[in-house]
Structures are given as structure tokens and as C-alpha cells.
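Read off the chains here:
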Amino acid sequence: VPYGVSMLFYVIIITSASLLMSSIAKEKENRVMEILMSSIKPIQLFTGKILGLGVVGLLQMVLWLGSAILMLRLGGGTLNIPQNLQLPPGILIWGIVFFILGYLVYASIMAGIGAFVPNIKEASQATFYVIMPLLIPLILVGVITEAPNAILPTVLSLIPFTAPTTILTRMAVSPVPLWQLLVAIVLLILTIFILIRAVAGLFRAQILLTGKEFNLGTYLKTLIGQESE
């Protein structure tokens, strides 16, 4: 059950964020972005795309996780599912919160990659660097399940790039202290604020028009405003 929850959040967050990146990269490659940028501000284009695909991903998450909770509860008597395999009802509420925050983090990064690379092929290759932090809870799901309140799961719950999947995986096993949830939310919000401001700078016309081959170092420098075109 914890592995299923972790995999669910990983798939939905990455799928939604990857669709955003592909959309931006394709529009840039086809020169549609130039037309859009002539009539709206970069931040408007950026936030509009994030919100549009975010609503779709949120609906998927609510339907899948809600269905899982309902099936486990309704099938508990018929299939003799043990009580310790039931998902707590509160996981759906917290799941919505952490999906939104996790999606905004990764969608911002993916959008930045889409604006930075010259074509959709380069954008797809660059996703490897992005998904690595979100894979850590999946790789360590056995460790997290065995001791959900140990030091390592707690640390991963407070790191914005691993927090969404780690916290929901822990919740599927045992309650997570409220202070950890609140601290994780605050750190995620701060990270989102920083990323959105940084990525909005990548939507400058000269980057959208020229582009360059993806390089992680150059991308990070551009993201923090140290690379000039």
C-alpha cells in the first residue's frame, strides 16, 4: 500500500509536469510562442499553463486516491482486507495539499526546461535530471515503510523536492507529526515562490527565440540569473 501511494504521486506529478514541458517546448519549436509572447506577459503565459494542466492532474489524483480509499474500505469485509492495510481518510486531504505543492515545484522546473531548450527532443532528454529527487522515496520505500518516523524519512519529508511522495508514503503507514507537515508546506511554498520568479525570467523573448543545447550547469546559472544571453 505505501509503495502504491508513492508510485501514484510520482506518476501523476511527473506526468502533469512533463506535459507542461512538452507543450512549452513544442510551441517554442513551432514558433507559436513568439505569437503568444507578443500579446501577453511571460508570467501570465507561465502561470496560465501551470494552472491549466494542474487542474487536470489534481482531478486525476483525487479520483485515483479516492477510489483506492473507497475500494479498500468497501472491499474490506468481502475480501477480508486487514485493518492495517486501510488508508486513513485524512490522506486524501493532505494528498491534495501536497500534490498541488509538489506539482507546482516540478512544473516550474519543467517549464523552465521547456523555455530553455531549442526543441522537444532536448526537453525530453533533460527530464532525467529533474525526476531523480522524486525517485528517491520510491527507491527507499522499504526503509521508509520499516521506520516511517526515523531520521532519514523525516529529513526527506522536509526537503521540498522529495517531500510530497515521502510524506504520503509515511502517511500510508503511520501518522506524521503535524509540525513536520507544516514545516514541509512552508518550505515547499518558499521553494515555489523562488522557482516561479526564477523561471519567469527564462521566458524572456531572447531565450525563447534563440535557445541553446541543454546543459545542466548553464540551465542552473540562467535560473538564478547569472547567465546572460
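Everything discussed here concerns the structure shown above.
Since this is a predicted model, take the numbers as computed values, not measurements.

1. Considerations on the overall build of the protein
Along the backbone of the protein there are 11 helices and zero strands. Traced from its N-terminal end to its C-terminal end, the protein shows the element sequence α-α-α-α-α-α-α-α-α-α-α. Here the protein holds 229 residues, and 46% of them are scored as buried. At a minimum sequence separation of 6, the contacts of the protein that also span at least 24 residues come to 76%. Surface exposure of the protein reaches about 11,000 Å², of which carbon and sulfur atoms provide 70%.

2. Topic: a nonpolar patch on the surface
Together, Trp 179, Val 183, Val 186, Leu 187 and Leu 190 make up an exposed nonpolar region whose accessible area comes to about 430 Å². When you line up the elements, Leu 190 lands in helix H9 (residues 178–202). Classification of Leu 190 by relative accessible area gives partly exposed; the value is 48%.

3. What to know about the nonpolar core
Core analysis: the biggest nonpolar cluster contains 51 residues, and Phe 9, Phe 98, Ile 167 and Leu 168 have the highest contact counts within it. Those elements that place two or more of their residues in this core are helix H1 (2–29), helix H3 (42–79), helix H4 (90–116), helix H5 (120–139), helix H8 (163–171) and H9. Take this core: its biggest share by element is 14 residues, from H4. Ignoring sequence-local partners within four residues, the contact set of Phe 98 consists of Pro 164, Ile 167, Leu 168, Leu 181, Ala 184, Ile 185 and Leu 188.

4. Describing the packing of aromatic side chains
Tallied over the entire structure, the rule returns three aromatic pairs. With centroids separated by 6.2 Å and ring planes inclined at 35°, the aromatic side chains of Trp 94 and Phe 98 adopt a geometry described as tilted. Pair noted here: Trp 94 and Phe 98 are both in helix H4, with a separation of four residues, about one helical turn. Judged by relative accessible area, which is 0%, Phe 98 ranks as buried. When the centroid spacing of 6.4 Å and the interplanar angle of 80° are considered together, the rings of Tyr 106 and Phe 161 count as edge-to-face.

5. Focus on H4
Note on helix geometry: an α-helix contains 3.6 residues per turn, so any two residues three or four positions apart are oriented the same way. Taking 1.5 Å per residue, 27 residues should reach 39 Å; H4 reaches 39 Å between its end C-alpha atoms and fits that length. Judged by how many residues are buried, H4 sits mostly within the fold: 20 of 27 residues are covered.

6. Digging into the side chain of Thr 166
Counting through the fold element by element, Thr 166 comes out in helix H8. Of note is the side chain of Thr 166, whose polar atom sits 2.7 Å from the backbone oxygen of Thr 162. Setting aside chain neighbours within four positions, we find Thr 166 in contact with Pro 137, Ile 144, Pro 153, Leu 156 and Ser 157.

7. Things to note about the side chain of Ser 174
In this structure, Ser 174 sits in the loop between H8 and H9. Assessed through its relative accessible area of 18%, Ser 174 is described here as buried.

8. Considering the environment of Ala 107
Tracing the backbone through its elements, the reader meets Ala 107 in helix H4. Setting aside chain neighbours within four positions, we find Ala 107 in contact with Ala 17, Leu 20 and Ile 50.

9. A short note on the packing of H1 against H4
It is at 8 Å that the axes of H1 and H4 come closest, and there the two elements cross at 30°. By the angle class used here, H1 and H4 are roughly parallel. The two elements H1 and H4 meet at a crossing, and its hand is right-handed. Class assignment for the residues of the contact of H1 with H4 results in 19 nonpolar, five polar and one charged.

So, how was this worked out
Residues numbered from 1 in each chain as written. Predicted model: local features only at pLDDT ≥ 70, side-chain atom pairs only at ≥ 80, totals over all residues. Heavy atoms only, no water. Helix = DSSP H or I, 4+ residues; strand = E, 2+ residues; numbered from the N terminus. Buried < 20%, exposed > 50% of the residue type's maximum accessible area, 1.4 Å probe, protein only. Contact = heavy atoms within 4.5 Å. Areas by Shrake-Rupley, 256 points an atom, 1.4 Å probe, with all protein chains shown as cover. Patch = residues over 30% accessible without salt bridge, like charges linked within 9 Å, V, L, I, M, F, W, Y side chains within 5 Å. Salt bridge = Lys/Arg side-chain N within 4 Å of Asp/Glu carboxyl O. Core = buried A, V, L, I, M, F, W, Y, C linked by side-chain atoms within 4.5 Å. Phe/Tyr/Trp six-rings, centres within 6.5 Å; stacked < 30°, edge-to-face > 60°. Expected span 1.5 Å × (residues − 1). Polar contact = N/O pair within 3.5 Å; in protein donor to acceptor, adjacent residues only side chain to side chain. Axes fitted to C-alpha atoms, helices over the stretch in contact; angles between N-to-C directions. Parallel < 35°, antiparallel > 145°, perpendicular 65-115°, else oblique. Left-handed = near helix turned anticlockwise from the far one by under 90°. Nonpolar A, V, L, I, M, F, W, Y, C, P; charged D, E, K, R; others polar.

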